[in-house]
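Each chain is listed here by its residues.
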Amino acid sequence: MPSTKRPPKQTPTTIGNHKLKPATLMMGYGFDPSLSEGSLKAPIFLTSTFVFEKAADGKRFFEGITGKRPGGGTAEGLVYSRFNGPNQEILEDRLQIWEDAEAALTFSSGMTAISTLLLAVVRPGDVVVHSGPLYAATESIIDKILPQFGVKWIDFPSGATREEIDEVLAKAKAMGRVSLVYLESPANPTNALVDVEAVHAARAAAFAGEELPPIAIDNTFLGPLWAKPLAQGADVSVYSLTKYAGGHSDLVAGALVGSRAVIDKVRFMRNTMGGICDPNTAWMLLRSLETLELRMSRAGENAERVCEFLRDHPKVEKVGYLGFLEEGSRQADIYKRHCTGAGSTFSLYLKGGEKEAFAFLDNLSIAHLAVSLGGTETLASAPAAMTHLSVPDERKKQLEITDNLVRISIGVEDPDDLIADFENALRAV
Ligand SMILES: *Cc1c(COP(=O)(O)O)cnc(C)c1O
């Protein structure tokens, strides 16, 4: 809300007993035009600092920021742009809506969100329990940077059963204080889903009567439309907004969405370190969120059509797509309980090796040859030769990162055009 004296947010979220959906609320929630010359859209607030009406207001706001009053760094009014700004606050309010969350924070990148979360909760001697594999940079923080500060880690495979999770939690407790359970689902590039409900139950059993380590989960691939892990017991949903939320491959940003208790701890760290999303990027994300459901729905429908075409093609060995999980399998069961859509990012295994994968990639004409995902345009890349080039061979094998693997993120183009493009590229293989 663009005022140093933020009035209560007045945007209605219901009509009578009817609860408004996120897609509707993305157009106006959290913004009061009367505070900005009647502007229908929020202006971009390019300022480093905010004027207090009275000295006493400044004091009160700082009491909030410094934690002299409860609220974990939230102030009654805007103070300084390292702490917050109108564009970022509106964005945080709207991100919360998708997962019915208590609080949200935005960051300059997904990795800033993840690093700030970790720094806010770990102490020397602690143990971070995580699902594996994780996004490569997240793994680097946990297994290269945090150990410099005496923080240890232990992991379980993404598809782990309740028994396997129990076992790893017991081992972790023997190693030190467990400060965080960090998940990523689906895992890249295996697409293995984590059973968040099982992790939640395993935590309750392992830490009965003790302080519960928060459960955070990277929800970049399916969130916020197709997966809402807070509903399955996670405390914090982690986002690279660079991907589907931003959706146009034109910005880098991140977010944490979840329980006030954890978010407030992280807010104190962000207030201190910086790392908040800038106002211009926040504004672009507000625009992106207005079409989030449209974009993700279309990309999801396109991916389904494309995967059906690819699955039956004679030059294709296998398609790793969440829509094709084996009926009755454990993964299909997790999918049914946790997801409302299969997403638009999947793994295509061609018959052959690097030569075939490269020929396919080099002959695409609509799909672009680039890493990343979740944009309006279709992207394709070869993980073994690109994003996962430095992964040791043994680990590559374990994660099915083979030379014939092509990773594809489907966009919002016409599906028949995409199929024609893939058909043509396969002809060259
Ligand atoms: C891209 C990505 C990140 C990192 O986000 P940045 O915005 O690039 O910092 C983290 N997790 C997942 C799953 C990602 O795809």
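Thresholds, definitions, all that
Residues numbered from 1 in each chain as written. Predicted model: local features only at pLDDT ≥ 70, side-chain atom pairs only at ≥ 80, totals over all residues. Heavy atoms only, no water. Pairing = 2+ DSSP bridges. Helix = DSSP H or I, 4+ residues; strand = E, 2+ residues; numbered from the N terminus. Axes fitted to C-alpha atoms, helices over the stretch in contact; angles between N-to-C directions. Contact = heavy atoms within 4.5 Å. Core = buried A, V, L, I, M, F, W, Y, C linked by side-chain atoms within 4.5 Å. Buried < 20%, exposed > 50% of the residue type's maximum accessible area, 1.4 Å probe, protein only. Patch = residues over 30% accessible without salt bridge, like charges linked within 9 Å, V, L, I, M, F, W, Y side chains within 5 Å. Areas by Shrake-Rupley, 256 points an atom, 1.4 Å probe, with all protein chains shown as cover. Salt bridge = Lys/Arg side-chain N within 4 Å of Asp/Glu carboxyl O. Near = heavy atom within 4 Å. Polar contact = N/O pair within 3.5 Å; in protein donor to acceptor, adjacent residues only side chain to side chain. Nonpolar A, V, L, I, M, F, W, Y, C, P; charged D, E, K, R; others polar.

Visitor: Explain the sheet that holds strand E9 (residues 254-258) residue by residue, including any values.
Guide: Two orientations exist for strands paired in a sheet by backbone hydrogen bonds: parallel and antiparallel. Spatial strand order, E3-E9-E8-E7-E6-E4-E5: 7 strands in an open sheet with mixed pairing. Each edge of the open sheet carries a strand with a single partner, namely strand E3 (103-107) and strand E5 (152-157). Each adjacent strand pair in this sheet contributes to an overall mean axis angle of 20°, direction not counted. Both strand E6 (residues 178-184) and strand E7 (residues 215-218) contribute to a ladder of 4 bridges, which runs parallel. Counterpart to Leu183 in the pairing with E7 is Ile217. Across the sheet, helix H4 (residues 110-121) lies against E3, strand E4 (127-132), E6, E7, strand E8 (236-240) and E9, angled at about 160° from E6, the strand it touches most.

Visitor: If you had to explain the nonpolar core to someone new, which residues and values would you point to?
Guide: Residues Phe346, Leu348, Phe360 and Phe422 are the most contacted members of the largest nonpolar core, which totals 89 residues. Per-element tally for this core: the top contributor is helix H10 (residues 292-311), with 7 residues. Once you skip the residues sitting within four places of it in the chain, Leu348 turns out to touch Leu310, Val316, Lys318, Val319, Phe360, Asn404, Leu405, Val406 and Ile408.

Visitor: Could you give an account of a nonpolar patch on the surface, naming the residues involved and the relevant values?
Guide: Together, Phe358, Leu369, Val371 and Met386 give the surface a local cluster of nonpolar side chains, amounting to about 310 Å² of exposed area. Residue placement: Leu369 occurs in strand E12 (residues 368-369). A relative accessible area of 44% means that Leu369 is categorised as partly exposed.

Visitor: Residues and numbers for the sheet that holds strand E13 (residues 379-381), please.
Guide: Taken together, 5 strands build an open sheet; the order of strands is E10-E11-E14-E13-E12 and the sheet is mixed. Both edges of this open sheet fall to strand E10 (316-320) and E12, since each of them pairs with a single strand only. Pairing analysis gives 4 bridges linking E10 to strand E11 (residues 345-350), with the strands arranged antiparallel. Bridge pairing in E11 links Val319 to Leu348.

Visitor: Describe in detail the site of the ligand, supporting the description with residues and values.
Guide: In the neighbourhood of the ligand, 13 residues make up the surrounding shell, with Met111, Asp218, Ser240, Thr242 and Lys243 lying closest. One nitrogen or oxygen atom from the main chain of Met111 is found 2.8 Å from an oxygen atom belonging to the ligand. Taken together, the residues of the shell around the ligand break down into 5 nonpolar, 5 polar and 3 charged.

Distances and angles like these do not, on their own, reveal function.
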